[in-house]
Amino acid sequence: MSRWAWLYVAFLVGASAISAGLIVYAWRHRDRRGAVPLLVTFVGSLVWEVSSLAGVLAAGTPTALLTTQTTTVGASLTVIGFFLFALSYTGREEIVTLRLGLLLSVVPAAGLTAKVTNPLHGYYWTSIAQDSSELMGYAIEYGPAFFGFTLYSYALLFVGTVLILDYATDAASIYRYQTTAILTAVVVPWVGNALLVVGVVDADLTPIAFSVSGVALWWAIFRAEFLDLAPIGREAVVADLYDGVFTIDPDHRLVDLNPTGRKLFGFEDGDDIVGQHVDDLLAGFPEIRNLYWEEVEADGDTEFEAALGSRHYHVEVLRLGEGSTVDAGRTIHVRDVTEQKRRERELERKNERLERFASIVSHDLRNPLNVIQGRVEMAEHDDGDVGPHLEHIATNADRIEAIIEDVLAMTREGELRTRERVDVAAVARRAWDHVATADATLETPTDATVEADSDRLVQAFENLFRNAVEHGSTSPDSQARRNAVDHAGPDVTVTVGTLDDGAGFFVADDGPGIPAEERDAVLEDGYTTSECGTGLGLSIVAEIVDAHGWDLTVTDASTTGGGYDSADGDAPGGARFEIACESRAAASATDGVTVDPTTDASGS
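So, about the layout of surface pockets. Over the atoms, a rolled probe matching the size of one water molecule traces out where space is still vacant. The space that makes up the largest pocket amounts to roughly 1300 Å³. If you go around the largest pocket, you meet 43 residues; those closest to its centre are T71, Y142, F146, L196 and D204. With seven residues, helix α7 (residues 144-170) is the single largest residue contributor to the lining of the largest pocket. Looking at the lining of the largest pocket residue by residue, the class counts come to 27 nonpolar, twelve polar and four charged.

A few words now on the sheet that holds strand β13 (residues 551-556). Taken together, five strands build an open sheet; the order of strands is β9-β11-β12-β14-β13 and the sheet is mixed. Every interior strand has two partners, whereas the edge strands, β9 (441-443) and β13, have only one. Along the sheet, successive strands turn relative to each other by an average axial angle of 15°, direction set aside. Of the strand pairs in this sheet, β9 and strand β11 (residues 493-498) are connected by three bridges, and their pairing is parallel. Of the residues in β11, the one forming a bridge with L442 is V494. Across the sheet, helix α18 (residues 454-468) lies against β9, β11, β12 (504-509) and β14 (575-580), angled at about 25° from β12, the strand it touches most. The sheet contacts of helix α20 (residues 537-547) involve β13 and β14, and relative to β13 the element is tilted by about 135°.

Structurally, S51 is set in helix α2 (residues 35-57). When residues no more than four places from it in sequence are discounted, the contact partners of S51 are T67, T70 and T71.

A pair of packed helices is captured by two measures, namely the crossing angle of their axes and the spacing between those axes. One way to put it is that helix α17 (residues 424-432) packs onto α18 with a least axis distance of 8 Å and a crossing angle of 60°. The orientation of α17 with respect to α18, classified from their angle, is oblique. The handedness of the crossing between α17 and α18 is right-handed. Listed contacts from α18 to V424, V427, A428, R430, A431 and W432 of α17 are S454, D455, L457, V458, F461, E462 and F465.

Under the definition given, this model contains nine salt bridges. For E339, the salt bridge is made with R343, and the minimal N-O distance between the two is 3.8 Å. Separated by four residues within a single helix, E339 and R343 lie in helix α14 (residues 338-364), roughly one turn from each other. Between R430 and D455 there is a salt bridge; the shortest N-O distance is 2.8 Å. Of the two residues, R430 sits in helix α17 while D455 sits in helix α18, which places them 25 residues apart along the sequence. Judged by relative accessible area, R430 falls into the partly exposed class, the value being 36%.

This brings us to empty space enclosed by the protein. One pass over the full model with this rule turns up two cavities of 30 Å³ or more. Taken as a whole, the largest cavity spans an internal volume of roughly 50 Å³. Around the largest cavity, the lining residues are L457, A460, F461, L464, F505, V541, V545, W550 and I579. Elements with a contribution of two residues or more to the lining of the largest cavity: α18 and α20. Sort the elements by how many residues they give to the lining of the largest cavity and α18 lands first, with four residues. Residue composition of the lining of the largest cavity, grouped by class: nine nonpolar, no polar and no charged.

This part takes up the nonpolar core. If you look at the biggest cluster of nonpolar residues, it comprises 39 residues, and the most contacted ones within it are V450, L457, F461, F465, F505 and W550. Breaking this core down by element, the ones donating at least two residues are α17, β10 (449-452), α18, β11, β12, α20, β13 and β14. For this core, the element with the most residues is α18, which contributes seven residues. Setting aside its immediate chain neighbours within four residues, F505 contacts V424, V450, L457, F461, G497, T498, L499, W550, F577, E578, I579 and C581. Listed in part, the 31 residues of the second largest apolar core include L38, F42, L100 and A181.

What follows covers a negative patch on the surface. Taken together, the side chains of E268, D269, D271 and D272 present a region of like negative charge at the surface. For E268, a relative accessible area of 53% corresponds to the exposed category.

Moving on, we get to the packing of α2 against helix α3 (residues 62-89). At a minimum axis separation of 7 Å, α2 and α3 run at an interaxial angle of 160°. Taken together, the axis directions place α2 and α3 in an arrangement best described as roughly antiparallel. With respect to the hand of their crossing, α2 and α3 are arranged in left-handed fashion. Split into classes, the residues belonging to the contact of α2 with α3 amount to 13 nonpolar, twelve polar and no charged.

Let us now look at the packing of aromatic side chains. Taken as a whole and judged by the stated rule, the model has eleven aromatic pairs. Here Y124 and F146 contribute two aromatic rings whose centre-to-centre distance is 5.7 Å and whose plane-to-plane angle is 85°, an arrangement assigned as edge-to-face. Placement of Y124 in the loop between α6 (118-121) and β1 (125-130) and of F146 in helix α7 is noted, with a sequence separation of 22 residues between them. Summarising the aromatic geometry, the rings of F505 and W550 are spaced 6.2 Å apart at their centres and angled 85° between planes, so their arrangement reads as edge-to-face.

The phi dihedral of H252 falls on the positive side, at around 65°, and the residue is not glycine. Relative to the helices and strands, H252 is located in the loop between β3 (244-248) and β4 (254-257). By relative accessible area, H252 is classed as buried at 15%.

As a further point, take the pairing of β3. The buried fraction of β3 amounts to five of the five residues, a majority that puts the element mostly inside the structure. The side-chain alternation of β3 yields two buried faces, one formed by G244, F246 and I248 and the other by V245 and T247. With antiparallel pairing between neighbouring strands as the criterion, β3 and β4 make up a hairpin whose turn holds five residues, including H252 at a positive phi of roughly 65°.

Moving on: a nonpolar patch on the surface. Together, W4, L7 and F11 make up a nonpolar patch on the protein surface, roughly 290 Å² of accessible area in all. Tracing the backbone shows F11 in helix α1 (residues 3-28). Classification of F11 as partly exposed rests on a relative accessible area of 45%.

Let's shift gears to α1. Given a rise of 1.5 Å per residue, 26 residues ought to cover 38 Å, and the 38 Å separating the end C-alpha atoms of α1 matches this to within 8%. When α1 is considered as a whole, its buried residues turn out to be A5, Y8, V9, L12, A15, S16, S19, L22, I23 and A26.

Here is what the cut-offs are and how they apply
- Residues numbered from 1 in each chain as written.
- Predicted model: local features only at pLDDT ≥ 70, side-chain atom pairs only at ≥ 80, totals over all residues.
- Heavy atoms only, no water.
- 1 Å grid on protein atoms, 1.4 Å probe; cavity = no way out; pocket = protein on both sides within 12 Å on 5 of 7 lines; lining within 4 Å.
- Points joined across faces, edges and corners; volume = space filled by probe spheres on them.
- Helix = DSSP H or I, 4+ residues; strand = E, 2+ residues; numbered from the N terminus.
- Nonpolar A, V, L, I, M, F, W, Y, C, P; charged D, E, K, R; others polar.
- Pairing = 2+ DSSP bridges.
- Axes fitted to C-alpha atoms, helices over the stretch in contact; angles between N-to-C directions.
- Contact = heavy atoms within 4.5 Å.
- Parallel < 35°, antiparallel > 145°, perpendicular 65-115°, else oblique.
- Left-handed = near helix turned anticlockwise from the far one by under 90°.
- Salt bridge = Lys/Arg side-chain N within 4 Å of Asp/Glu carboxyl O.
- Buried < 20%, exposed > 50% of the residue type's maximum accessible area, 1.4 Å probe, protein only.
- Core = buried A, V, L, I, M, F, W, Y, C linked by side-chain atoms within 4.5 Å.
- Patch = residues over 30% accessible without salt bridge, like charges linked within 9 Å, V, L, I, M, F, W, Y side chains within 5 Å.
- Areas by Shrake-Rupley, 256 points an atom, 1.4 Å probe, with all protein chains shown as cover.
- Lys, Arg positive; Asp, Glu negative; His and termini not counted.
- Charge placed at Lys NZ, Arg CZ, Asp CG, Glu CD.
- Phe/Tyr/Trp six-rings, centres within 6.5 Å; stacked < 30°, edge-to-face > 60°.
- Expected span 1.5 Å × (residues − 1).

Here is the structure:
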C-alpha cells in the first residue's frame, strides 16, 4: 500500500478506537436525554470505520467488495442516529420512537438490498473493475439506486444540521464553548464528505469526521452537559417575556433564565449564576426553593402564590419534556400578580361595602326613621308636653345624619386624590377643630411629615379623635357618642406622636383602652359597643390607612411608650393606634416618613 493508504488506515484505527470508547460511555449514560440516539450514531460510525478499514486492508479482493455492504449499514445507522439526536435535542423527543427509527430505515434497507442484488440488475453499481490505484483496489461507477440512497442520507443530515444550528446559535450568548463544540460536530462531517466530492482526497473521510463529531458531542453533552439546556425550556424563556422563567437541568442546576427572572430576583446582568445549584440560587427565597423540591419528589407540576417583599407572585414549577420517560429538567415560572391581587382586594372591599350599605339602609336607617315616625304620631295625639317627643326626634335625626356622613365617607375609602408631604401635627390639629371634643385635650409632640392625601388623613384623625372621647357624652351633637368603641371621658388626653423607630406615627389616649381580644374586631365594618353607633368610624380609618399603603395596629398605650398608666394594673392604660408608614412601602421614595428627633413640641 502507498504511504497515503497507510496514513488513511492509521486514521481509521484511531477513529474506530474513539467510536468504541464513545459507545461505552454513551451506554453507561443511556438514561440521559438524547443519549440513545447518540449511541446509535456512535455504533454506526464504528461499523462504518471498521468496514472501511477492512476494505482497504483487503484491497483488490472479493472481501473488499463485501465490506462495502457493511459500510452501507454503518453509514445508515450514523445518519439515522444523527437525525434522531437532532429531534431529541431540539425538544421533539416525544416523536423519537422505535417506530420512527424503523420508518427511517426503509430507504437504507432498500439501498442495501439493491447493493446485495446488484449483479441481477446493475442499479446500484453500473460497472466494477479492478484498479490498483484505488484504495479498495476497484474502480466503481454508481447507478441510480446509489444516488437515491445518497440523496436520502444527505437530506437527513441537512435537516438534522439545520435543527441543531437553530437551537445552538440561539444559546450561543450564554454557552459559547458548548455551542462551538456543537457547531464543530455538525460541520465536520460535511467538510469530510466535501473533500471527497470535489476531488481533494481519494478516500472517504466522512466516517473519520463523524468520530471527530462524536468527541465534540460527547464533551458538549456528557461533560459540559449542554443537552441539559433543554431547548424546550429555552423556547419557553423566549416566549414568556413577561414572566420570570428559570430553566433547571436534571442535576438541579440553573442553565438559563430570562431578563425578567433576573429583575424579579434581583440578579444583576453581570452576576455569574448559570450553573448554580437550586439550593444556592434560591437561598434567599425559601418558599420557592421548598416548592421546587416538593415538585421533584412528587414528579409532577405544582403551583402556589408567594409574597416576596411587598410584591405578590404566582409561581409554577413545571417538568420539561412532558410525556417523556427521561428527566429533561424543570422550569420555574414566576409571574408578578401584585396588581391583580390589589384589584381583587379592592373588589372584595367594594362587595363588602355594598353589603354594608344594604345593611345600613335596611336596618340602621330604618330604626331611627321608625322612631321618628312613631314619635310624630304620638305627639299628634298627645295633648300634653311634646318636648320629650321632639327630643327623641332630634336625637334620631342626628343619628341619621351621622349614618349618612359615615356612609359617604365609606364611598371614598379607597380614593386618594393627591399625595403631598404634610406635617402630621398640623393635620391632627386641623382634624381636632372639626370634632366636638368637650374638655378633651390634644398633644402633638412630633415633627414628623408623611406623603399623604391631607384631606383623607384629616378624616382618619377625626374618626380616631371621636373614638377617644367619652362614650357616654350627653352632648346631642357629639359624633363620638355614636361611634366610640372605647370609653375615655370628656377630659381625655389624646396624644399624636412619632413611633419609636421613626417609621410612622401614633394616636394614643389615657382612657380605659381596648381589650386585647377586641383589637382586631374594632377595625371591622359594623363593630360597635354602642346601640347608637354605626360601627364604621374605625373601619374608615383602616381603609384610609390601607389606601396609603400603610399598616394600622391597635395596641395598649401603657406598654408601648404612650406614657399612660391604668388605675387597675391588670387593665390596659389607654388605646393606641399605630400607623406604620414604611412597613409596606419602604422601597418607595414617596411613602417615607421624615422625623426631626430633636423635636418635643406640643399643641392643642
